[in-house]
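# Close look at the chain arrangement
Listed below are the residues making up each chain.
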Amino acid sequence: MADRDEEREERIKMEIIVDAYTQGEQAVGWITYLEETMDFPFEAQCIEEHEVSPLKEGETVSVLGMPSVEPSLRQQFVTIEWNDRELGVPLKQLEPLEASDDTEQAVADWHYWLNR
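This write-up is about the structure you can find in this document. Since this is a predicted model, take the numbers as computed values, not measurements.

### Overview of helix α1 (residues 6-16)
Since the α-helix turns once every 3.6 residues, residues separated by three or four places project in the same direction. Buried residues of α1: Arg 8, Glu 9, Arg 11, Ile 12 and Ile 16, and no others. Looking straight down α1, one finds that the buried residues subtend no more than 165 degrees of arc, so they occupy a single side. Facing away from the buried side of α1 by over 90 degrees, the exposed positions are Glu 6, Glu 7 and Lys 13. Summarising the contacts, the buried residues of α1 are in contact with α2 (23-37) and α3 (101-115). At the N-terminal boundary of α1, the capping side chain belongs to Asp 5, with an oxygen 3.2 Å from the backbone nitrogen of Glu 7.

So, in structure tokens, the structure goes:
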């Protein structure tokens, strides 16, 4: 488990899952926060391989946006450009390379949430 980050915990509690009582409401809070905070497009690198994604560790991709999928507290997807097509991959396998501070913070918040 990652060390507790009080500033991040406060942001998650007060901005992302505020007024969310069920897991479904928390998932909607997360998708809303990520959509509103990340600045698309941005460059990212695959930091770990997943069986639901064709990306290999170290591969660099352009993140274009977020697909319309059912919100989840365990998995958020982003749309990437890959081999001349658009594809949804788990956000948890990506780390921003060239992105705004807001984007880097949003992705780091999501990674932190998953590792708690």
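What follows continues from the structure just given.
### Thoughts on the packing of aromatic side chains
Given two aromatic rings, their pairing is described by the distance between the two centres and the angle made by the two planes. Using the criterion set out here, one finds four aromatic pairs in the structure. Ring geometry for Trp 30 and Trp 113: centres 5.4 Å apart, planes at 50 degrees, overall tilted. In this pair, Trp 30 sits in helix α2 while Trp 113 sits in helix α3, placing the two residues 83 residues apart along the sequence. Like Trp 30, the residue Trp 113 is buried in the burial classification. Centroid distance Phe 40 to Phe 42: 5.9 Å. Interplanar angle 25 degrees. Geometry classified as stacked. A residue is classified by how much of its surface remains accessible, and Phe 42, at 3% relative accessible area, is buried.

Rules used in this analysis
Residues numbered from 1 in each chain as written. Predicted model: local features only at pLDDT ≥ 70, side-chain atom pairs only at ≥ 80, totals over all residues. Heavy atoms only, no water. Buried < 20%, exposed > 50% of the residue type's maximum accessible area, 1.4 Å probe, protein only. Helix = DSSP H or I, 4+ residues; strand = E, 2+ residues; numbered from the N terminus. Arc of directions from axis to C-beta. Contact = heavy atoms within 4.5 Å. Polar contact = N/O pair within 3.5 Å; in protein donor to acceptor, adjacent residues only side chain to side chain. Phe/Tyr/Trp six-rings, centres within 6.5 Å; stacked < 30°, edge-to-face > 60°.

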